[in-house]
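What the coordinates show
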Amino acid sequence: MSQLPDLFDPAGVDTMLRRLDALTPDTRPLWGKMGVAEMLAHANVAYEMVYEQKHPRPNPIVRFVLKTIVKQKVVGLAPYPRNSPTAPAFRIKEARDFATERQRLIAFLRRVAAEGRAAFEKRESPSFGPLTAAEWNVLFAKHLDHHLTQFGV
């Protein structure tokens, strides 16, 4: 995708929803090891870190490294390279249900749009500290775009 959609705008969410609708439980990746249900669960982790307390906050040393080295790769516009390393919290170790994970992701996308840009301006990221709404949008949209592209949609 040449330009990332604005996930605070319903039209941007609709763009991602159309791509999600093109996935089936049998969709195969063009690269990488994840199956489609695992990928959806992996994509949900970014939203779980915002809305659920199921992932521990990095310790201060790890957080410093994330803020100084990793942050720009995550919130910058440069696309992720194929087969990029996956942070431990994003590794899905058990089987997941395609329909459940897809519905969770749709709900998260709609929630972000419903809360809107103002709710994310200077919102705290557990890994990177306060982010602008624009940085949050890149974080969410670039990651999801990367994995939908991985699965050919």
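Owing to the predicted nature of the structure, the values given are computational and were not obtained by experimental measurement.

**Here we look at the overall build of the protein chain**
Each helix and strand in the protein chain was counted, giving six helices and two strands. Helices (α) and strands (β) of the protein chain occur, in sequence order from the N terminus, as α-α-α-α-α-β-β-α. At 15 Å, the protein chain has a C-alpha radius of gyration in line with the 15 Å of a compact globule built from 153 residues. In terms of principal-axis extent, the alpha carbons of the protein chain reach across some 40 × 30 × 30 Å. Counting contacts in the protein chain only where the partners sit at least 6 residues apart, residues at least 24 apart contribute 78% of the total. For the protein chain, the accessible surface area stands at approximately 8,300 Å², while carbon and sulfur atoms represent 57% of it. Each charge sign in the protein chain was given a centre, from 22 positive and 16 negative side chains, and these centres are 6 Å apart.

**Structural notes on the packing of aromatic side chains**
Scanning all chains against the criterion turns up seven aromatic pairs. The interplanar angle of 15° and the centroid separation of 4.4 Å between the aromatic rings of Tyr47 and Phe140 together place this pair among those described as stacked. Placement of Tyr47 in helix H2 (residues 36–51) and of Phe140 in helix H6 (residues 133–150) is noted, with a sequence separation of 93 residues between them. For Tyr47, a relative accessible area of 1% gives the class buried. The buried category is assigned to Phe140, whose relative accessible area is 2%. Ring geometry for Phe120 and Phe140: centres 5.9 Å apart, planes at 85°, overall edge-to-face. Of this pair, Phe120 sits in helix H5 (residues 117–120) while Phe140 is found in helix H6, placing the two residues 20 residues apart along the sequence. Residue Phe120 is classed as buried on the basis of its relative accessible area, which comes to 0%. Here Arg123 stacks its cationic end above the ring of Phe120, 4.5 Å away from the centre of that ring.

**Thoughts on the nonpolar core**
Judged by nonpolar contacts, the single largest core of 42 residues is most densely connected at Leu20, Leu23, Tyr47, Leu109, Phe120, Leu139 and Phe140. Broken down by secondary-structure element, the contributors of at least two residues to this core are helix H1 (10–21), H2, helix H3 (60–75), helix H4 (98–115) and H6. In terms of residue count, the dominant contributor to this core is H2 (eleven residues). Apart from the residues lying within four places of it in its own chain, the contact partners of Phe120 are Phe8, Val50, Tyr51, Val112, Glu115, Leu131, Thr132, Ala133, Trp136 and Phe140.

The rules we used
- Residues numbered from 1 in each chain as written.
- Predicted model: local features only at pLDDT ≥ 70, side-chain atom pairs only at ≥ 80, totals over all residues.
- Heavy atoms only, no water.
- Helix = DSSP H or I, 4+ residues; strand = E, 2+ residues; numbered from the N terminus.
- Rg over C-alpha atoms; globule rule 2.2 N^0.38 Å.
- Contact = heavy atoms within 4.5 Å.
- Areas by Shrake-Rupley, 256 points an atom, 1.4 Å probe, with all protein chains shown as cover.
- Lys, Arg positive; Asp, Glu negative; His and termini not counted.
- Charge placed at Lys NZ, Arg CZ, Asp CG, Glu CD.
- Phe/Tyr/Trp six-rings, centres within 6.5 Å; stacked < 30°, edge-to-face > 60°.
- Buried < 20%, exposed > 50% of the residue type's maximum accessible area, 1.4 Å probe, protein only.
- Lys NZ or Arg CZ within 6 Å of the ring centre and 35° of its normal.
- Core = buried A, V, L, I, M, F, W, Y, C linked by side-chain atoms within 4.5 Å.

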